[in-house]
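Observations on the model geometry
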Amino acid sequence: MSLGSALTVERLHVWRGSAHVLRGVNFAVDTGQLLEVRGANGAGKTTLIRTVCGLVHAEEGRVSWRGREVHADLAAFHAEMAYVGHDGALKADLTGEENLAYAAGLRSVITRREVVAAVERVGAGAYAGRMVRTLSAGQRRRLALATILLSGAVLWLFDEPTTNLDNRGQALVGSLIAEHLASGGMVVAAVHQSLMVARDNVIELDLG
Amino acid sequence: MKPLPLTAEPSGVDGVCLTPRRASSWQAATRVFLRDLKLAFRKRGQLIQPIAFFIIVTAMFPLAFTPELTRLREVAPGVLWVSALLASLLALEFLFRDDREDGTLEQYALSGHSLTGLLFAKTCVHWLLTGLPLALVAPLMGGALGVPIEAMPGILAALLLGTVSLSVIGAIGAALTLGVKRGGVLLSLLTLPLAVPVMIFGARATELAIRGVDAAAPLYLLGAITVLGLTLGPIAAAAAVRISLE
Amino acid sequence: MDWKWFHRLASPPYIYGLAGRLIPWFAWPAAVSMVVALYLGLFVAPPDRIQGEGFRILYVHAPSAWMSVMVYTIMALSAAIGLIWRIKIAHAVAASCAPIGASFTAVALITGMLWGKPMWGTYWEWDPRLTSELVLFFLYLGYMALRSGIEDLAQADRASAVLAIVGVVNVPIIHFSVEWWNSLHQAPSVMKFGKPTMAWSMLEPLLLMLLGFTLYFAAVLLIRLRGEVLRRERAATWLRQALEG
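Side note on the overall build of chain C
When helices and strands are tallied, chain C shows 8 helices and 0 strands. Counting all 245 residues of chain C, 42% fall into the buried class.

Regarding the overall build of chain A
A tally of helices and strands in chain A yields 6 helices and 9 strands. Taken over the C-alpha trace, chain A has a radius of gyration of 17 Å; the compact-globule value for 208 residues is 17 Å, and the two agree within 12%. Its C-alpha atoms give chain A principal-axis dimensions of roughly 45 × 35 × 35 Å. Within the span of chain A, comprising 208 residues, buried residues form 50% of the whole.

Examining the sheet that holds strand E4 (residues 60-65) of chain A
Backbone-to-backbone hydrogen bonds pair the strands of a sheet. The strands run either parallel or antiparallel. Residues and elements named next belong to chain A. Strand order in this open sheet of 4 strands is E2-E1-E4-E5, and the pairing throughout is antiparallel. Two strands in the sheet have a free side with no partner beyond their single neighbour: strand E2 (19-29) and strand E5 (68-69). Across 8 bridges, strand E1 (residues 7-16) lies against E2 in antiparallel orientation. Bridging across to E2, valine 14 finds its partner in leucine 22. Of the strands in this sheet, E1, E2 and E4 touch helix H1 (residues 45-53), which is tilted by about 120° from E1.

Details of the sheet that holds strand E9 (residues 202-206) of chain A
Residues and elements named next belong to chain A. Taken together, 5 strands build an open sheet; the order of strands is E6-E7-E8-E3-E9 and the sheet is parallel. If you trace the sheet from one side to the other, it starts and ends with strand E6 (81-84) and E9, each paired once. In this sheet, neighbouring strand axes are inclined to one another by 15° on average, regardless of whether the strands run parallel or antiparallel. Relative to the sheet, helix H5 (residues 137-149) contacts E6 and strand E7 (155-159), its axis offset from that of E6 by approximately 175°.

Brief notes about the interface of chain A and chain B
Opposite the 43 residues of chain A that make contact, chain B presents 37 residues. Tallying contributions element by element places helix H4 (residues 112-121) of chain A first for the side of chain A that touches chain B, with 5 residues. Residue classes in the side of chain A that touches chain B are distributed as 21 nonpolar, 13 polar and 9 charged.

Some points on unusual backbone geometry
All names here are of chain A. Backbone geometry places arginine 11, a non-glycine residue, at a positive phi of 45°. One can find arginine 11 in strand E1. Accessibility expressed as a C-beta count within 10 Å gives 13 for arginine 11, which makes it partly exposed. You will see that glutamate 160, though not glycine, has its phi angle at about 50°, which is positive. Tracing the backbone through its elements, the reader meets glutamate 160 in the loop between E7 and helix H6 (167-182).

Points about H6 of chain A
All names here are of chain A. For H6, spanning 16 residues, the distance from its first C-alpha to its last is 22 Å, which sits close to the expected 22 Å at 1.5 Å a residue. Of the positions making up H6, those classed as buried are Gly169, Leu172, Val173, Leu176, Ile177, His180 and Leu181. Projected onto a plane normal to the axis of H6, the buried residues spread over an arc of 165° and lie on a single side. Within H6, the exposed residues directed more than 90 degrees away from the buried face are Asn167 and Arg168. Looking at the buried positions of H6, the neighbouring elements they touch are strand E3 (34-38), H5, E7 and strand E8 (186-190). Phi turns positive one or two residues past the end of H6, at glycine 184, with a value near 95°.

A word on the pairing of E8 of chain A
Residue and element names in this part refer to chain A. Most of E8 sits inside the fold, with 5 of its 5 residues counted as buried. Pairing between E3 and E8: 4 bridges, direction parallel. When the sheet's bridge partners are listed, leucine 35 is paired in E8 with valine 188. Where E7 and E8 come together, 5 bridges link them in parallel fashion. Bridge pairing in E8 links leucine 155 to methionine 186. Note that the unit made of E7, H6 and E8 has a crossover that is right-handed.

A look at the packing of helix H2 (residues 12-44) of chain C against helix H7 (residues 200-232) of chain C
All names here are of chain C. Put simply, H2 and H7 touch, their axes get as near as 6 Å, and they point 155° apart. In terms of their interaxial angle, H2 and H7 are classed as roughly antiparallel. As for the relative orientation of H2 and H7, their crossing is left-handed in sense. When the residues that make up the contact of H2 with H7 are grouped by side-chain class, the tally is 27 nonpolar, 5 polar and 2 charged.

Focus: the nonpolar core
A general trend in soluble globular proteins is that nonpolar side chains are found buried together. Grouped together as the largest cluster of nonpolar side chains are 215 residues, with contacts concentrated most on Leu100, Ala146 and Leu157 of chain A, Ala175, Ala240 and Val241 of chain B together with Val162 of chain C. For this core, the element with the most residues is helix H9 (residues 184-211) of chain B, which contributes 17 residues. When sequence neighbours within four positions are dropped, the list of residues in contact with valine 241 of chain B reads Phe96, Leu105, Ala109, Leu115, Leu119, Ala175 and Leu178 of chain B.

Focus: the environment of alanine 23 of chain B
The residue alanine 23 of chain B is located in the segment before helix H1 (25-42) in this model. Sequence separation between alanine 23 of chain B and glycine 112 of chain B is 89 residues, and the spatial gap between their C-alpha atoms is 9.9 Å.

Re the packing of helix H3 (residues 96-105) of chain A against H5 of chain A
All names here are of chain A. Interaxial distance between H3 and H5 falls to 9 Å at its minimum, and their mutual angle equals 30°. Between H3 and H5, the angle is such that the two are roughly parallel. For H3 against H5, the interelement crossing comes out right-handed. Where H3 abuts H5, its residues Gly96, Asn99, Leu100, Ala103 and Ala104 lie against Leu143, Ala146 and Thr147. Of the residues in the contact of H3 with H5, the class split is 5 nonpolar, 3 polar and no charged.

As for the environment of leucine 34 of chain A
All names here are of chain A. Residue placement: leucine 34 occurs in strand E3. The spacing of leucine 34 and methionine 186 is 152 residues in sequence and 6.0 Å in space, taken between C-alpha atoms. Not counting residues up to four positions away in its chain, the partners in contact with leucine 34 are Ile177, Leu181, Val187, Ala189, Val197, Asn201 and Val202.

Focus: the confidence of the model for chain C
Do not read the fine detail of predicted coordinates wherever pLDDT is low. Residues at a pLDDT of 70 or more form 90% of chain C, whose mean pLDDT is 86. The complex model carries a pTM of 0.90, and its ipTM stands at 0.92.

What counts, and at which threshold
- Residues numbered from 1 in each chain as written.
- Chains lettered and ligands numbered in written order.
- Predicted model: local features only at pLDDT ≥ 70, side-chain atom pairs only at ≥ 80, totals over all residues.
- Helix = DSSP H or I, 4+ residues; strand = E, 2+ residues; numbered from the N terminus.
- Buried ≥ 20, exposed ≤ 12 C-beta atoms within 10 Å, placed from the backbone.
- Rg over C-alpha atoms; globule rule 2.2 N^0.38 Å.
- Pairing = 2+ DSSP bridges.
- Contact = placed C-beta atoms within 7 Å.
- Axes fitted to C-alpha atoms, helices over the stretch in contact; angles between N-to-C directions.
- Nonpolar A, V, L, I, M, F, W, Y, C, P; charged D, E, K, R; others polar.
- Expected span 1.5 Å × (residues − 1).
- Arc of directions from axis to C-beta.
- Right-handed = clockwise from strand over helix to strand, strands pointing away.
- Parallel < 35°, antiparallel > 145°, perpendicular 65-115°, else oblique.
- Left-handed = near helix turned anticlockwise from the far one by under 90°.
- Core = buried A, V, L, I, M, F, W, Y, C linked by C-beta atoms within 7 Å.
- pLDDT = per-residue confidence, 0-100.

Here is the structure:
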């Protein structure tokens, strides 16, 4: 395990209101690894992902990125991490491509060619020029995946990435993740069922 | 300078370099600014609403009071400012709401850039589309209330400063009430007391302008509040947004 | 330096017990102070040269106005501590302060109105102090409304803390602007007293009442704080044990 690029979570305790949602969660994710966070509804999967992101404050424990506590330099951590949540963060009144350009442009300097390439990669070429309000949930989900492709982040965080996707869509998610892992990235994903990825690089965490 | 993720090499995505240049905070804020502008113009019909509201409310006063211009001129400062205040409050509800609902606000907080700067960009767009038109229309409505033409530049100046203040103060209220269902009335309840100084100085400046007297003193005071609001307001709004995302 | 006392201060069961023990130490002196101050103010202090007997309501009006601002400041301060250092008990203190401060503001407004009737013949005048108090009342109401509008308690704590801090920065600005506004229009300001030389016989009941109000505030704050602690900790084990034991 190379110390330089690990995400570690130690003794994490998080309360939501008076509910003790995360009770002493521990894990470490290294380059090329996928962490699948499983659990029933309400078990705390979303809370865990959002705590790792730094959005939610943990009462106890720490989240470390490259050996440093995440909250010590949140901006640097965010620069290397990208998150796709339940909502796709897509604007209904923009086209798919416009959405990608703006969303990716928030983090990186992106050319139009790169946007088009990302759209092609997720198989959304047919409808990326249409207004997002006219698209189905599955189509929007694919566009959201394209966003993370353009982010240039090392660490990908997903909250149920395969929602609204059919079998082909789920296979797409699997292949995107596999490629990312192969090129030295890391993925943490909250899932209901296993992702379609080769199991040898997968760690599982069950929240009950 | 934070190190770029050098571990990721371009993978199988043709033509996409997966280690793109990191955008600066300024570039990110510009993206937010342009996106909000574009979105606003996609819904062109809604752009006119704050001004329409302002005009209607201002027109209510003569109907409720008197048609005599000499008497209307006396109450014109108050009427213009209360109407501008109400129109601004109405528009503030939507400053952050859409972004919160579709997850965009979350992405701003996770972008690695200063949330204060990004929210400031949003507030700028909001002012350009609400406050600025209000300030431009106000002298005309003043004319409808019997205000002489010589007073109009003064009214414009006062309302330009005042609407900027209202936008930044209102942004704080809008951020705080993000977690509240139907928070529109609560937003007004929170923002109005904080807007009292703006209104006092602004209305006084307007009154002096109408009387043809030098309005420098209240304008300077209004300017001071505006500067204070511009520097501290977005910070408070960012803190409130982060709290609502927890 | 030994910070143990500080950490204990932040522990709910400790605060609950400490507050309970301290309440009588504030409550009794408060009652005594207020009674003595009332007696001095109503019977002993000489009548005002201009206003005669009617001014005596000042002895309740001025201290409550003063308290309304002081309580807001304390509320904002503890809210800030809770926000910055994430100390939950500080948020409970801020939440407990708000209704007390709002009550002081209401008392100041009502006594102001009662004062106005015999003095100017009208219950309400837009005089600077009354108007400032009115705006402060709305600030309190806004704070309490925001708290009750947000369902998640932790989020309500933190959001209202931001509001309290923004408010406390604004209170002097609002006060200044209202004074400025009022001075322009030369409205009667009967409530201003010729301050430079106020006889001790007049000052004494005023200060004593202020002391009484402060002690009263401390006592009621502790009572409310215990209630807040109970509400927030209702699922905690220490509470269940204390109730069973």
